[in-house]
Amino acid sequence: MGMNEAKLQEILDQYPAKVQKNRKKHIFIKRSDVESQQIEANTRTIPGIITNRGCAYAGCKGVVLGPIKDMVHIVHGPIGCGYYAWNTRRNKAKSDDPKQNFINYCISTDMQESDIVFGGEKKLSKVIDEVMEIFHPKAITLSATCPVGLIGDDMGAVAKAAEAKHGVQVLSFSCEGYKGVSQSAGHHIANNILMEKVIGTGDQEEAPAKFPINLLGEYNIGGDGWEVERILKEIGYHVVSVMTGDGSYEAIKNAHTAELNLVQCHRSINYIAEMLETKYGTPWLKVNFIGIQGTIESLRNMALYFDDKELTLKTEAVIASELARIEPIFDQYKKICEGKTAFCFVGGSRGHHFQNLFTELGIETLLAGYEFAHRDDYEGREVIPTIKTDADSKNIPHYTAEVDEKRFRLKVSPEKLEELKAKIPLGEYKGMRFDMKDGSIIVDDLNHFETEEFIKVLKPDIFTSGIKDKYVIQKMGINSKQLHSYDYSGPYAGFNGAVKFAEDISMGFASPTWNFITPPWKNQPLLEGTVTEEGVA
Amino acid sequence: MLDCTPKDITERKSGGIINPAKTCQPIGAMYAALGIHKCLPHSHGSQGCCSYHRMHLTRHFRDPVMASTSCFTEGSSVFGGGANLKASIQNVFHIYKPDVMAIHTTCLTETIGDDVSSIIKTAEVAEGKLVIHANTPSYVGSHITGFSNMTKAMVSYLAESTSPEKKEQANIIPGFVNPGDMREIKRLVESMGIEYIMFPDTSGVVDSPMTGEFEMYPEGGTTVEQLKDTANSQITLALGRFASSDPAELLNKEYKVPVATLKTPIGIKATDALLMTLRNSFAREIPKELEIERGQLVDIMTDTHFHFHGKTVAIFGDPDIVTGLTEFVLSLGMKPIHVLTGTPGGSSNSAAGSFEDDINDMLKGAGVEANVKSAGDLFTLHQWIKNQPVDLLIGNTYGKYIARAEDVPFMRVGFPILDRSVHSYLPIVGYHGAMRLIEMISNALLDRADRDAKDEDFELVM
């Protein structure tokens, strides 16, 4: 048991030379006796490798835009891209105005061969006209798929003409699937345009209630966002907007009124967090509402930031009452989980976040990694200035936010900010490596081959990943849990989520079904007899 | 639920789709390729395509779906994907060791015009390994077209005539159906004592057993030897015109293997037609056991006809499946008043002829007036149902939103089914499949009747 450099090399040696050279840079074994351990991340996946990664379109439309419920999201392309991103991600939404909740709709231009040959702009503008006539939305997004950029459709021009014609905002996202190296490119593209064209267009100058915050990078998978909001509201916070789970166009327009931005998924939304600080002077706090301790720490850090006696007292009161309620239940599940080991390979943030819950349940994470993260998500934000821009990241348009002279306001004094920064992760994220134990493995863009090989060596009790891995792992007789879709369960965030997660994970370990894998006839000879000196009796 | 869908139907001329009833070619090609033994499907395009297709197939089958991708970046989109594909071929055979790599294209690689057959010819392919490919532009047809195109590629790349004499064996192309259906079709043919090659055959691949070991290439799938031998068969049965007739016609054109294009054997009439074709082609009598099965089915249909007769149904899904289901519900005396497929081709008067004509012919024979549409979407279907409500909705999982919005009993049949399990293991084809369909229809209708009955009308025996 256990991984060391030699065993790692043995695994890598099975690759063709070029692949080996490449993959070696994406994997390291954590050592705390060295100051830094560099990983290669956010670079191209090698062609032919069975990767878990998706594309820029998936990151833009699928992840960031899709959850905004009161906008109609039109996908410009052949049918598949729209179809696969339709109701598959579990970003729940509810609305007081069901006639303006488009979350269950999939709208595609369904490009045909003639559109590829002669261009799809006219068709796109006709689809916008129909959408306006049928749905009367307040705003529309257009997301590009691979052929759009290749044939040179000018979606921006179509959007502009449609805005003039219909008098609503029509946002165009050039998130063709081949841009960047993964979903991550799409997050960035979506962030830029939401920042440039939506955030700050609301007419509110101040939030209507005390302690206004935005919750960034929370997609309400399985209702996570609702659980976090429940806790925040109970303490007395005013949630201005959530980006983008159960998100609303109207709310995002007024996101500038928040006094603090909370960043849950650092990878997908740190761009907006940064730009909000530049433009409006609103600091951002890295939070993690996954895990009981993570939730408590996040709440306490928020209280420190706002530095209000009543708020702090209420924070502690809520923590105490929630703990009293959930701890006895959580501890029951802990008995089942204690001593087990896990692999945790998810997304661009959850690969780190969920280790909290594993630790609290007494499960050791032996291997963790992200599908589409950048070096800072592994090594911490201090490496950002040293990350080289390569050809694949250069083709994602860069948007620089500028100071909004009218609305920029320092939320806390520079001195106070420095003082806070020493105590809480304001504008700071230390990355996955920081929290992992020595000897554990960190892998970027883990692929199928490595998954099998690492399992052979480390034999984890549970592997948390996505649907493409799930049944591969279960065939091996190992408990597997989807941490993208939560296996259609959830929420897993906040206090209630921790309990739900503990329950679900325990169920996976305790299920009697594992006991049936070996048929009874496999361990029993067909004919029973006794062996005598002469032979079989 | 779906509160933004108005009852008033306005004509939509844009060609855009709201809530699709089809998806794109590559996923069908990937599924077909899984039906070759020891084959790794490969998606020549951006990573996202491969990821989406694997995810969706995995959700439907709840089994591993392995496939690789050419991992396009902007650079490869500009300069062509030759280098990516050649690297993929090398890496796939070195690392994942399949016998066959089945490449399908995507809208990206079709738009930039990558010449995949030339790339394959100049790629280094290890001795004894095979690379085949199908062009599957996402902007033509649907996932059914993609399934057909990859199946056609199996013929064009692999079929090999070894003698002028044909063997006494049938090629059977099952179409885009579940492994449970493929097994059932094989059982029917086997019980008639007829030699056959089924291709593609995903049974044993996407319904593999739990053994405690992961097998990258499970036992199932049509072997390369069998695929070669398809050129020597005496007949090809293409089950389902949309998914199966193109590869069958190619075998006929290239190797003079006659074709019988039949409906997917859903329901009593289509199953009868399959068995009669086998009987007549091979001069084999229908075995007693199948005659008994058929008799049992007719017994059940007659015993319970009053549960179904006159009930209105809306059916949507893939054209071959919808055609079979429509025929069967008519056999039960039901009224399919809305029939829709998302797959284009075959609208009335189109050169391909057929989906709308096929359905309309059947409905005319039964005296049922209905809305019938190919290349339709679920927004249209929902509006039809709002205007003319039905007693039952039959279709894939996406129908559950309409069923909830309109409070209609819902029966899940087709691809994909994402919210229930077991469906892919059990057949809807053959006489046994028809019994299962009756059970499903009964459960849907009678559970509703029980739910809605007043206490005094709640019955023990129905």
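In this report, we go over the structure that sits alongside the text. (Residues numbered from 1 in each chain as written. Chains lettered and ligands numbered in written order. Predicted model: local features only at pLDDT ≥ 70, side-chain atom pairs only at ≥ 80, totals over all residues.)

1. Let's talk about the interface of chain B and chain A
Point 1. Across the contact, 61 residues belong to chain B and 68 residues belong to chain A.
Point 2. Secondary-structure elements contributing two or more residues to the side of chain B that touches chain A are strand 1 (17–18), helix 2 (47–61), helix 3 (74–79), helix 4 (82–96) and helix 5 (107–112) of chain B.
Point 3. Among the residues making up the side of chain B that touches chain A, the classes are represented as 25 nonpolar, 26 polar and 10 charged.
Point 4. With 2 bridges joining them, strand 3 (residues 107–108) of chain A and strand 1 of chain B adopt antiparallel strand pairing. By the bridge assignment, S108 of chain A is partnered in strand 1 of chain B with I17 of chain B. (Contact = placed C-beta atoms within 7 Å. Helix = DSSP H or I, 4+ residues; strand = E, 2+ residues; numbered from the N terminus. Nonpolar A, V, L, I, M, F, W, Y, C, P; charged D, E, K, R; others polar. Pairing = 2+ DSSP bridges.)

2. Let's talk about the packing of helix 3 (residues 56–65) of chain A against helix 9 (residues 183–197) of chain A
All names here are of chain A.
Point 1. The geometry of helix 3 relative to helix 9 is characterised by a closest axis approach of 6 Å and an angle of 55 degrees between their N-to-C directions. If you check the angle between helix 3 and helix 9, you find them oblique. Judged by the twist between their axes, the crossing of helix 3 over helix 9 is right-handed. Of the residues in helix 9, those touching helix 3 at A56, Y57, A58, G59, C60, V63, V64 and L65 are Q183, S184, A185, G186, H187, I189, A190 and N191.
Point 2. Grouping the constituent residues of the contact of helix 3 with helix 9 by class yields 10 nonpolar, 6 polar and no charged. (Axes fitted to C-alpha atoms, helices over the stretch in contact; angles between N-to-C directions. Parallel < 35°, antiparallel > 145°, perpendicular 65-115°, else oblique. Left-handed = near helix turned anticlockwise from the far one by under 90°.)

3. Observations regarding the sheet that holds strand 1 (residues 27–29) of chain A
Residues and elements named next belong to chain A.
Point 1. The 6 strands lie next to each other as 1-12-11-10-13-14, forming an open sheet whose pairing is mixed. With partners counted over all chains shown, the strands left at the sheet margins are strand 1 and strand 14 (479–482), one partner each. Averaged over all pairs of adjacent strands, the angle between strand axes in this sheet comes to 15 degrees, irrespective of strand direction.
Point 2. Sheet topology note: the strand 13 (residues 462–465)/strand 14 ladder contains 4 bridges and is parallel. For I462, the partnering residue across the bridge sits in strand 14 and is N479.

4. Some points on the sheet that holds strand 9 (residues 259–262) of chain B
All names here are of chain B.
Point 1. Pairing in this open sheet of 4 strands is parallel, and the strands run 7-6-8-9 from one edge to the other. Either end of the sheet is taken by a strand with one partner, and the two such strands are strand 7 (195–198) and strand 9. Taken over all neighbouring pairs, the strand axes of this sheet differ in orientation by 25 degrees on average, direction set aside.
Point 2. Direction of pairing for strand 6 (residues 167–173) relative to strand 8 (residues 233–239): parallel, over a ladder of 5 bridges. Bridge pairing links I173 to A238 in strand 8.
Point 3. In the packing of helix 11 (residues 267–282) onto the sheet, contacts are made with strand 6, strand 8 and strand 9, and the angle to strand 9 comes to roughly 165 degrees.

5. Some thoughts on the nonpolar core
Point 1. Counting residues in hydrophobic clusters, the biggest one holds 282 residues, and the most contacted among them are F173 and I272 of chain A together with L392 of chain B.
Point 2. For this core, the leading source of residues is helix 7 (residues 143–158) of chain B, giving 8 residues.
Point 3. In contact with L392 of chain B, not counting residues within four places along its chain, are K311, V313, V408, P409, M411, I441, A444 and L445 of chain B. (Core = buried A, V, L, I, M, F, W, Y, C linked by C-beta atoms within 7 Å. Buried ≥ 20, exposed ≤ 12 C-beta atoms within 10 Å, placed from the backbone.)

6. Regarding the environment of L171 of chain A
All names here are of chain A.
Point 1. Among the secondary structure elements, L171 is positioned in strand 5 (residues 169–173).
Point 2. A residue is classified by how many C-beta atoms lie within 10 Å of it, and L171, with 23 of them, is buried.
Point 3. Along the chain, L171 and G156 lie 15 residues apart, while their C-alpha atoms are 7.9 Å from each other.
Point 4. Not counting the four nearest positions on each side in its chain, L171 is found in contact with T141, L142, A159, I193 and K197.

Purely geometric stuff here, so don't read any function into it on its own.
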